[in-house]
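Examining the three-dimensional arrangement
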Amino acid sequence: MNILVINCGSSTIKYKLIESESETCLITGTVELKGELSDFRKELSNILDGVKKYAIDAVGHRVVHGGDQYNDAVMIDGHVIAAIERWSPYAPLHNPNNLAGIQAAQSILPDIPHVAAFDTAFHSTLPRRAKTYAIDHSLAETHHLKRFGFHGTSHQYVSEKAAEFLETSLANLRIITLHLGNGASACAVEFGHSTETSMGLTPLEGLVMGTRSGDIDPGILIFLAREVGMSIEEIDDFLNNNSGLKGISGLSNDMRAIEKAASEGNDQARIAIAVFTHRIRKYIGAYAAVMGGVDVIVLTGGIGENSSSMRLRILQRLEFLGVVLDQDKNADVNLEDSDSSVSDISATNSRVKILVVKTNEGLKIAQQTEALVKGKDNVDDTRRIPIAVSARHVHLTQETFETLFGNNAELVPYRELSQPGQFACDQTVNLIGPKGRIDHVRILGPFRSKNQVEISRTDEFALGVDAPVRDSGQTHGSAPITLEGPEGTVHLKEGLICARRHIHMHPEDARQFNVKNNDEVEVAIKGGARELIFGDVLIRVSPSYKLEMHIDTDEANSAELDGQCDAVLVYSKVECACGVLQRKRSRLI
Ligand code: ADP
């Protein structure tokens, strides 16, 4: 499939024609725009003239702000156009031009699909605690003042590349991705999901950038307005165009020029480098804490990919985290003249892998466009999926069970569950958190190799703990909890999770739905009192599984399904309540 990827930015139109199966870039180019009078239709017609020897199958458009409405790329229709317009005040330099580009391209190529890939989409998984600013909540809600994050396509692409390079699944990795270009941002990619990122409501928050300040005391803005008499426009220009590396150094926004000046003794250039690298190191420490550890650090963007001295400065003194750089490998990185887009610069004794990855947002947008265009006709949207509501429950190791119920105690099955071999037991345990307790929580058999306690968000508040949303089995670095049985008490250092909603299916079901293990899908819940669509539903395929969607009690309540909460895996009693698979989103494993 030949996919034209267009990025109508604030001052340029960048384009790439990509053959998606072979991932080959056939043509690439940049056109400078002529200020506000730019004629997008004319510029795009010229671009298309230049690529007319190729048949174009679809167009992928980069769009900066999609708000919190989109968690993936989407086919462009009237709703998407309206959303891009609605979010324009939050990205005034970008969204209006993105939209002008889309409309011009649609008028020139009306018969092929057009897809929007949002910079914000990858960060739609940010938990509320990371999204929320500590300001008056009603004002924040009225004006959507929350953290959205940007550079999502790049963070997603390089984290997927890192997993591919390490020959493992994203579901096993806690990655810190550092996109260090003219704009710069960090992202905590926890088991494939963005759970923290440094840019916020706008791309101004976070790291020090070429011309943007990044984090700043908001009191400075008040001071500039009140005491210095600067207007809003002046403050905007000051923070976006005259701060960052350019502001501190007084020289340039280009790291190459700053490094050169610093090596010649320019003190302001030295401070610019020190502030830039110090801020990044601070974020690495913070994100390792947020994820309960880090397995991989990825550096990308013009500075991350090309400057060995910046990489060294950023990564020094992180041995306490298990991050040890191999200085020779770091000095030898050359992604331009190499077949590989990934270079491993970690020392052999580094517990954390340090990778330099060449980002390729254009290719990621082409892949997303292709997946949407191909997937559109493939997903079976008629077959119904039975829903089971999973109340809080506990999976135990034999050792933990015996500590709680006495040596040689055995699980007493009282009811078979729908998934083959699984059963609910007679026995229950009490959960004790720092704030409260929940008694009589059902144990599920058979025994497992790791303890796992699955609760809902509501339970989390009752217990006073902060349980992460995890796929079953991924308990590493999860929350602690105390279990109380009739014969003893066990304090688990980790094991408490909110289970991620998922669908069990047999390989034959997967074939029919055109999904594979670890795909993420959207499922529409039909037949409940309140119809809704769950995004971020994980597909789990095994020959031993029976088709069934598992959601927890909070999720069932939100759709007003009538699930009982005193047992586990109860079929919804609402007549015909079922899930309908709407859309799939590939997840690299
Ligand atoms: P953008 O964010 O505009 O896409 P890039 O990712 O292309 O930017 O990064 C551009 C920045 O990368 C330049 O401003 C420059 O500071 C930096 N850069 C590129 N090559 C080098 C290098 N060899 N050494 C240091 N910095 C570099």
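These remarks concern the structure in this document. The structure presented is a predicted model; accordingly, all values stated were derived computationally and were not measured.

**Looking at the sheet that holds strand β4 (residues 58-63)**
Pairing in this open sheet of 6 strands is mixed, and the strands run β3-β2-β1-β4-β6-β5 from one edge to the other. The two strands at the open ends of the sheet, each matched to only one other strand, are β3 (24-32) and β5 (74-75). Sitting on the sheet, helix α1 (residues 40-50) touches β1 (2-8), β2 (12-19) and β3, and the angle it makes with β2 is about 30°. Here helix α2 (residues 78-86) sits on the sheet and contacts β4, β5 and β6 (114-118); the angle it forms with β6, its principal contact strand, is near 35°.

**Focus: α2**
Spacing of three or four residues puts side chains on the same side of an α-helix, whose turn is 3.6 residues. For α2, the full list of buried residues reads V80, I81, A83 and I84. Each buried residue of α2 lies within a common arc of 160° when the element is viewed along its axis, so the set occupies one face. Opposite the buried face of α2, at more than 90 degrees from it, the exposed residues are G78 and H79. Each element contacted by the buried residues of α2 is listed here: β4, β5, α3 (95-108) and β6. Sitting at the head of α2, D77 places a side-chain oxygen 3.0 Å from the backbone nitrogen of H79.

**Re the packing of α2 against α3**
The N-to-C vectors of α2 and α3 enclose an angle of 155°; their axes lie 9 Å apart at closest approach. As judged from the angle between their axes, α2 and α3 are roughly antiparallel. For α2 against α3, the interelement crossing comes out left-handed. Only N95, L99, I102, Q103 and Q106 of α3 make contact with α2, whose side of the interface consists of I81, I84 and E85. For the contact of α2 with α3, a count of residues per class yields 4 nonpolar, 3 polar and 1 charged.

**Observations concerning the pattern of salt bridges**
Tallied over the full model, the rule gives 25 salt bridges. For D68, the salt bridge identified is with K146, shortest N-O distance 2.3 Å. Of the two residues, D68 sits in the loop between β4 and β5 while K146 sits in the loop between α5 (137-143) and α6 (152-165), which places them 78 residues apart along the sequence. Between D344 and K353 there is a salt bridge whose closest N-O contact spans 3.3 Å. Several salt bridges converge on common partners, so that one network encompasses D471, R500, E520 and D536.

**Description of the sheet that holds strand β7 (residues 174-180)**
What links the strands of a sheet is backbone hydrogen bonding, and the strands pair in either a parallel or an antiparallel sense. Spatially, the 6 strands line up as an open sheet ordered β9-β8-β7-β10-β12-β11, and their pairing is mixed. Each of the sheet's edge strands pairs with one partner strand only, and the pair in question is β9 (193-197) and β11 (342-344). For this sheet, the mean inter-axis angle between neighbouring strands, taken without regard to orientation, is 25°. Where β7 lies against strand β8 (residues 184-190), 7 bridges are found, and the strand directions are antiparallel. Note on β8: the bridge partner recorded for I176 is A188. Lying on the sheet, α6 is in contact with β7, β8, β9, β10 (296-300), β11 and β12 (353-357); it crosses β7 at an angle near 130°. On the sheet, helix α11 (residues 267-291) packs against β7, β8, β9 and β10 and is oriented at approximately 155° with respect to β7.

Calculation criteria
- Residues numbered from 1 in each chain as written.
- Predicted model: local features only at pLDDT ≥ 70, side-chain atom pairs only at ≥ 80, totals over all residues.
- Heavy atoms only, no water.
- Pairing = 2+ DSSP bridges.
- Helix = DSSP H or I, 4+ residues; strand = E, 2+ residues; numbered from the N terminus.
- Contact = heavy atoms within 4.5 Å.
- Axes fitted to C-alpha atoms, helices over the stretch in contact; angles between N-to-C directions.
- Buried < 20%, exposed > 50% of the residue type's maximum accessible area, 1.4 Å probe, protein only.
- Arc of directions from axis to C-beta.
- Polar contact = N/O pair within 3.5 Å; in protein donor to acceptor, adjacent residues only side chain to side chain.
- Parallel < 35°, antiparallel > 145°, perpendicular 65-115°, else oblique.
- Left-handed = near helix turned anticlockwise from the far one by under 90°.
- Nonpolar A, V, L, I, M, F, W, Y, C, P; charged D, E, K, R; others polar.
- Salt bridge = Lys/Arg side-chain N within 4 Å of Asp/Glu carboxyl O.

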